[in-house]
Amino acid sequence: MTRWTSNEGFLTGGTGAIGRHLVPKLVAEGHKVTALVRSAEKAAQVERQGAVPAEVSLFDADGLATAFEGHDAVINLATAIPSTSRYFLPGAWKSNFRIRTEGSAAVAKAARSAGVGRLLQESVVFVYPDSGDKWIDESAELDVVPSSEPNVAAEENARRFAEQGGVGVVLRFGYFYGPGGAIHTEEILKFARLRFAMQLGGRNAYQAAIHLEDAASAVVAALEIPSGTYNVCDDEPLTAREFTDAMIAAVGRRPLLRGPGRLLALGGNKTAALTRSQRVSNQRFKDAANWSPHYPSAREGWAATVAAG
Ligand SMILES: NC(=O)c1ccc[n+]([C@@H]2O[C@H](COP(=O)([O-])OP(=O)(O)OC[C@H]3O[C@@H](n4cnc5c(N)ncnc54)[C@H](OP(=O)(O)O)[C@@H]3O)[C@@H](O)[C@H]2O)c1
């Protein structure tokens with residue numbers, strides 16, 4: 001197995017919800033981090049966190065290959081998930097689809113040609129089928145709707161990287177929540193303070209989630225594990241009702257309205273992934289990476305998120 005020796009890592013998505021937690025953790029662990037940026041403002045952001053900014057297009061395999069030279073690992077966390085208000089708008093998912101298909105292909109190709117030993121690729125647990133209260137591990141058959149096809153394409157690019165001699169790690173993250181500017185979290189808390197409790201899916205549907213700080217520490221731990229696909233979520237997936245109750249308890253305002261719940265399924269394949277019951281196990285990753293979430297469930301995670309302000 002290719003160990004990450006000289007600690008030089010190239011990160012995409014380093015300025016986003018998970019990236020903002022990840023860069024300081026990598027730097028604190030003594031890693032040298034180069035982060036892809038798209039503006040001077042974001043370059044200053046990553047520099048403040050101890051990383052070196054690199055302005056290169058995510059879709060330019062040659063440019064990326066030059067930028068990746070001398071790096072041992074590439075961590076591909078770039079995404080463009082529409083905010084709740086834009087979720088159903090035509091074209092709202094176009095950027096994210098391109099990032100997960102063309103972007104991840106260019107990153108994998110560039111990593112190969114630059115001789116990078118390890119590639120970590122972000123994916124999501126939403127590719128798993130609706131499974132009631134049955135525990136789901138990485139051997140489960142996928143139920144891919146059109147909106148998740150780009151995730152599967154990104155996973156394939158990382159697997160191909162492994163087949164060609166590198167270490168290719170796919171991280172299937174649960175639903176992100178946490179402090180630090182994640183738009184979905186900010187929206188949920190804003191609505192909760194207005195006494196509207198946002199609940200995704202039917203009350204008894206299990207929702208695999210992960211606090212953003214834990215998602216970031218998982219990425220650091222994933223720099224030492226063998227090729228493969230791993231679920232990265234908390235220890236105790238809660239039902240949608242329990243997840244929302246934990247958020248409400250943390251905010252401390254009794255809701256007057258709760259939703260959209262099961263109605264979200266009316267969104268068709270755009271929301272199908274969010275309304276499924278997915279009781280996802282993180283055991284494989286915990287064993288491989290010797291990692292545990294600091295927030296074993298959203299009960300602890302929401303309390304910490306609200307406390308962080
Ligand atoms: N598993 C999950 O539940 C999950 C997964 C992903 C995102 N989300 C949530 O979705 C919400 C919106 O997030 P988001 O997807 O916009 O992510 P985000 O958290 O804002 O981060 C996206 C990252 O990707 C970068 N990026 C976007 N488009 C790019 C491009 N064309 N080329 C290079 N880099 C690019 C962004 O760079 P810039 O800073 O330059 O924009 C940023 O660093 C957040 O609340 C997040 O938590 C959830």
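Residue positions are given per chain, counting from 1 as you read along its sequence in written order. Where local features are concerned, this predicted model is filtered to residues with pLDDT of at least 70; where side-chain atom pairs are given and counted, the filter is 80 or more; whole-chain, interface and lining totals use all residues. Only hydrogens and water are set aside; all other atoms, that is, all heavy atoms of the structure, feed into the side-chain values.

Asker: Go over the side chain of N231, please, and point to the residues and values.
Answerer: Inspection of the secondary structure assignment puts N231 in strand β12 (residues 228-232). From its side chain, N231 meets the backbone oxygen of S281 in a polar contact 3.0 Å long. Contacts are assigned to residue pairs with any non-hydrogen atoms lying within 4.5 Å of each other. Sequence-distant contacts of N231, defined by excluding residues within four places in its chain, comprise Y128, I136, D137, E138, R172, V280, S281, N282 and F285. Helix and strand assignments follow DSSP, with helices taken as H or I runs no shorter than four residues and strands as E runs no shorter than two, numbered in order from the N terminus. By the criterion applied in these results, polar contacts are pairs of N or O atoms within 3.5 Å in which, for protein atoms, one can donate a hydrogen and the other can accept it, and in which residues neighboring in sequence qualify only through two side-chain atoms.

Asker: I'd love a proper account of the site of the ligand, names of residues and values included.
Answerer: To be near a molecule or strand, a residue needs just one of its heavy atoms within 4 Å of it. Within the structure, the ligand sits among 24 residues, and T15, A17, K42, T79 and I81 are positioned closest to it. Residue K42 places a side-chain N or O atom 2.7 Å away from an oxygen atom belonging to the ligand. For the ligand, whose unbound accessible area comes to 890 Å², protein coverage reaches 85%. Counting residues per element, the ones that place at least two in the shell around the ligand are β5 (118-124), β8 (175-177) and α6 (183-193). Each residue is assigned to one class: nonpolar for Ala, Val, Leu, Ile, Met, Phe, Trp, Tyr, Cys and Pro, charged for Asp, Glu, Lys and Arg, and polar for all the others, Gly among them. Split by residue class, the shell around the ligand holds 14 nonpolar, seven polar and three charged. To measure how exposed things are, a 1.4 Å probe is used in the Shrake-Rupley method; for residues, cover is taken only from the protein chains shown.

Asker: I'd love a proper account of the confidence of the model for the protein, names of residues and values included.
Answerer: Per-residue confidence from the prediction method is given by pLDDT, with values spanning 0 to 100. Chain-level pLDDT for the protein is 94 on average; 98% of the residues reach the 70-or-more range. The low-confidence segment residues 1-5 (pLDDT under 50) makes 14 contacts with residues lying over four places distant or belonging to another chain.

Asker: Just give me the short version of the pattern of salt bridges, but keep the residues and values in it.
Answerer: Basic side-chain nitrogens of Lys or Arg form a salt bridge, by our definition, when they fall within 4 Å of a carboxyl oxygen of Asp or Glu. A complete count under the given rule lists eleven salt bridges for this structure. A salt bridge links R100 to E122, with the nearest nitrogen and oxygen atoms 3.6 Å apart. Of this pair, R100 sits in helix α4 (residues 94-113) while E122 is found in strand β5, placing the two residues 22 residues apart along the sequence. Taken individually, R100 and E122 each receive the classification buried, so the pair is uniform in this respect. The residue R159 makes a salt bridge to E155 at a minimum N-O spacing of 2.7 Å. Placement of the pair is R159 and E155 together in helix α5 (residues 149-163), with a separation of four residues, close to one helical turn. Several salt bridges converge on common partners, so that one network encompasses E155, E156, R159 and R172. Residue burial is assigned from relative accessible area. The probe radius is 1.4 Å, only protein chains are included, and a residue is buried under 20% of its type maximum, exposed over 50%, and partly exposed in between.

Asker: So, the environment of N231: which residues are in play, and what are the values?
Answerer: When its relative accessible area of 0% is taken as the criterion, N231 is described as buried. Once the C-alpha coordinates of N231 and F173 are considered, the two residues, 58 residues apart in sequence, prove to be 6.1 Å apart. A polar contact is formed between the side chain of N231 and the side chain of Y128, at a distance of 2.7 Å.

Asker: So what's going on with unusual backbone geometry? Residues and values would help.
Answerer: Put simply, G259 and P260 share a cis peptide bond, and its omega is -5°. The residue P260 is located in strand β14 (residues 257-261) in this model. Even without glycine at this site, R195 takes up a positive phi of about 70°. Tracing the chain through its elements places R195 in the loop between α6 and β9 (196-200). For N290, which is not a glycine, the phi torsion comes out positive at approximately 50°. Examined against the element boundaries, N290 turns out to sit in the loop between α10 (283-289) and α11 (298-308).

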